[in-house]
Structure formats: structure tokens, C-alpha cells
Amino acid sequence: MHNTIVKKINGKFAGVDILSLDQFTPQDVTRVLKIAKKLKPLRVNGKPSKILVGKIITLLFYEPSTRTCSSFSSAAQQLGAGVITIQDASSFSSVAKGESLLDTISTLESYSDLIVMRHPEAGSAMKAAETSLVPVINAGDGAGSHPTQALLDLFTIFDKFKRLDNLKILICGDILHSRTIHSLIEALSLFKKNSIFLLSTKELSLDVNFSKKISSTGTKLTNIHFERDIPKDVEVWYWNRIQKERFKSLKDYKKHTKSFVLTKRLLDSYGNKNMIIIDPLPRVGEISHEVDSDPRALYLKEQMRNGVYVRMALLSLLLGKIK
Ligand code: NCD
């Protein structure tokens, strides 16, 4: 074990595991975003950098990924690091022969300097971090957390509004099961006077204990179940798909898929000129394609690109290459 688990960062990133937003102070978040902004031109201009030369990053994914896996890979390679990628770990690693998660981590830590892991079980990233001698970044643990997605969402929000406090945010989708929603709510609760509207079917509302924890920070959470309750002065609309893989049956899942689709009509009825629309993606019907060309829609443009810059910053900080 290389450090105390769920260690608060408090300005010292080197060697820390990134498991959830609980570890961050507002200053820690701001630091990551500042460094991401500084490193961004390297990627935008395709300028190779040597910051991480000699370092090897393992990407260990037990659940499907397009953006998280490849943006970590892009971030690492942009900074000169080598990358070991194991996608579909359950079929293409010794896990298929019955090897445990902890033995797999012990193996990969001896080949690399940092492990990025996605796994279907909430709490798995913490287990991996307890064993690992090298830092572990949680790239999604079941319905638990997805901290690096929240950081890139904050980067996108800050880029537009130049602040992370005093914002009104509408979050829509599978609020019960979505790890990106959980992490974004935690991230927003670090900053003052944010007001979050949670739009979902009643069954997919936020877990009560989680809700209590967030409310105790002073962040205002309002559950809404009808589109007519969407306030018109919201700065950020955050949509996310219904998380099919977390339902017991296809029938249960299908009950929720058509509930709140973001269409041009919805946008014209409840949106405003200055807002932005983000979605961690993949999109599975929750946003209509007619919205894509709207200048407020950032999900296929800035938002996913920002993932590379934020991950460049985090890798550099955790590996002690930027102080
Ligand atoms: C998210 C995830 O894996 O939780 N995807 C991502 O990393 N951008 C969102 C999702 O799958 O709905």
C-alpha cells in the first residue's frame, strides 16, 4: 500500500490515488484545471512533450470505454509516456483464467508507474488502490464514481462561465445509477451556492443517503419529475443515458428510456441563450441529433476534447512531474 486510502489531496498530488471527488478541496480542483489549460496547447498544436518520458501507464478496463480509455492513452502519449492497454480485461487478460483483481493489480504495478482502472463493481477502485504500490485512477467503478469525467465537466463549465460557484445546473437521466452524475454532483458541492435540479423518473432519483451528504454541504438539490418544472435560467444542462447495464431486466430499463429526451422543442421551451449542453457520452437516444448543431451543444466538441487536457494534467501531477 503506497499511501492511506481515500487520502485527501490538500495540494500534494504526487503518488495519490484518485478515487472520488471527496479527496479534493476547491483549490485542488482549480489546480488541475489550471494545469490542464496550460498543457492544452501541446495537444491542440500536436507538439510532442517529454514531461512523462520513461513512465508507463496501464489502462485496465473491465467495462467498455471509448472516450475515457483513448483520451487517457492520448494524454499519456502526448506527454511521452508509454501505454499498456488492456480493454475487455475479463476476456483478454488472465482474469479469463480466473485470476483475481488483486493479483492482476500486483502484476500490472510491477510493469507500470500508474494504473487507470474501470470496473463494474462500486468500491473496486479502492480495493485496487489498497493493494497497488503505484497510484490508481478510478476511471469508473460500477454505479460509484467517475472522478476524471467530473473534472473534465468542470473544465468545460469553467471555460464558459469563468466560475464554478453560484451556478444553476440541470442534470437529467439515470440519476440513481450514473457514476458521472454522482461525481459531478460531488464536484459541484465543493463550491459555494450551486443549485442543482435533478430531472428523472421517480424510481431513478438520487439515493437518499447520497442526497443528505450533498445537502449538508449547503448545495441545493431539487428533485423534479416533469419537464414543466425546469427553470428557465439554468446555466448548464447535463444529460446522460439511462444506464442499461445496471438494470435487472431489459423490461425495467426500457421503462425509462423515452422519459426525458433532449429535443429542439425542449430546448426552445425551457432553454436560454447563454446556457451550455453537456453529456459525458455515449449517447443512447437521450439527446436528439437535431440538437447537435446548436452552438450551445458542447458534448461532441469541446467537452470530450477537454478530457485529454484534464488527464494530461492529472497524470503529470500524480507522477510528480508538475508540482
Ligand atoms: C460514462 C461512464 O462510463 O460512466 N462514459 C464516459 O466515461 N464518458 C458515461 C456513461 O457510460 O453513460
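The shown structure was predicted, so the numbers you read here are calculated from the model rather than taken from an experiment.

Colleague: If you had to explain the overall build of the protein to someone new, which residues and values would you point to?
Modeller: What the protein contains, in helices and strands, is eleven helices and nine strands. Computed over its C-alpha atoms, the radius of gyration of the protein comes to 19 Å, within 12% of the 20 Å expected for a compact globule of 323 residues. Burial status across the protein gives 56% buried among its 323 residues. Restricting to contacts in the protein with at least 6 residues of sequence separation, those with at least 24 account for 72%. Split by element, the accessible area of the protein, about 14100 Å² in all, is 54% carbon and sulfur.

Colleague: With reference to specific residues and values, describe the packing of aromatic side chains.
Modeller: In the structure shown here, the tally under the stated rule is four aromatic pairs. Above the plane of the ring of phenylalanine 161 lies lysine 160, whose end atom (NZ or CZ) is 5.8 Å from the centre. The ring of phenylalanine 226 carries the charged tip of arginine 228 above its face, separated from the ring centre by 4.2 Å.

Colleague: Can you explain the pattern of salt bridges? Please cite residues and give values.
Modeller: Tallied over the full model, the rule gives 13 salt bridges. With its nearest N and O atoms 3.5 Å apart, the salt bridge here joins lysine 127 to glutamate 121. One salt bridge connects arginine 163 with glutamate 235, and the closest N-O pair in it is separated by 3.1 Å. Of this pair, arginine 163 sits in the loop between α6 (147-161) and β5 (168-172) while glutamate 235 sits in the loop between β7 (220-224) and β8 (236-239), and the two are 72 residues apart along the sequence. According to the relative accessible area criterion, arginine 163 is partly exposed, its value standing at 26%. The exposure class assigned to glutamate 235 is buried, which follows from its relative accessible area of 18%. By sharing partners, the salt bridges in this structure join Asp22, Glu186 and Lys213 into a single network.

Colleague: Which residues make up the site of the ligand, and what values do they have?
Modeller: All residues adjacent to the ligand are Thr68, Arg118, His146, Gln149, Arg179, Thr180, Asn240, Arg241, Gln243, Pro280, Leu281 and Pro282. Threonine 68 has a polar side-chain atom sitting 2.8 Å from an oxygen atom of the ligand. Between the ligand and the protein, one listed contact pairs an oxygen atom with a side-chain N or O atom of histidine 146 at 2.8 Å. In the complex, 95% of the free accessible area of the ligand, which totals 320 Å², lies under the protein chains. When its residues are assigned to classes, the shell around the ligand shows three nonpolar, six polar and three charged.

Colleague: Summarise the sheet that holds strand β3 (residues 114-119); cite the residues concerned and give the values.
Modeller: Taken in spatial order, the four strands make up an open sheet running β2-β1-β3-β4, and their pairing is parallel. Single-partner strands in this sheet number two, and they are β2 (82-86) and β4 (136-141). On average, each strand axis in the sheet is tilted by 10° relative to the strand beside it, whichever way the strands run. Two elements, β3 and β4, share four bridges in a ladder whose sense is parallel. Note that in β4 the partner of isoleucine 115 across the bridge is valine 136.

Colleague: An account of the environment of valine 261 is needed here, citing residue identities and associated values.
Modeller: Its place among the elements puts valine 261 in the loop between α9 (250-254) and α10 (264-270). Beyond its immediate chain neighbours, meaning those up to four positions away, valine 261 contacts Trp239, Leu266, Gly285, Glu286 and Ser288.

Colleague: Now, about the nonpolar core: what can you tell me, with residues and values included?
Modeller: Leu154, Ile171 and Ile185 are the most contacted members of the largest nonpolar core, which has 67 residues in total. Top contributing element to this core by residue count: helix α11 (residues 302-318), with nine residues. Core analysis: the next-biggest nonpolar cluster, separate from the first, contains 21 residues, Cys172, Phe260, Leu266 and Leu267 among them.

Each value, and the rule that gives it
- Residues numbered from 1 in each chain as written.
- Predicted model: local features only at pLDDT ≥ 70, side-chain atom pairs only at ≥ 80, totals over all residues.
- Heavy atoms only, no water.
- Helix = DSSP H or I, 4+ residues; strand = E, 2+ residues; numbered from the N terminus.
- Rg over C-alpha atoms; globule rule 2.2 N^0.38 Å.
- Buried < 20%, exposed > 50% of the residue type's maximum accessible area, 1.4 Å probe, protein only.
- Contact = heavy atoms within 4.5 Å.
- Areas by Shrake-Rupley, 256 points an atom, 1.4 Å probe, with all protein chains shown as cover.
- Phe/Tyr/Trp six-rings, centres within 6.5 Å; stacked < 30°, edge-to-face > 60°.
- Lys NZ or Arg CZ within 6 Å of the ring centre and 35° of its normal.
- Salt bridge = Lys/Arg side-chain N within 4 Å of Asp/Glu carboxyl O.
- Near = heavy atom within 4 Å.
- Polar contact = N/O pair within 3.5 Å; in protein donor to acceptor, adjacent residues only side chain to side chain.
- Nonpolar A, V, L, I, M, F, W, Y, C, P; charged D, E, K, R; others polar.
- Pairing = 2+ DSSP bridges.
- Axes fitted to C-alpha atoms, helices over the stretch in contact; angles between N-to-C directions.
- Core = buried A, V, L, I, M, F, W, Y, C linked by side-chain atoms within 4.5 Å.

By themselves these figures say nothing about function.
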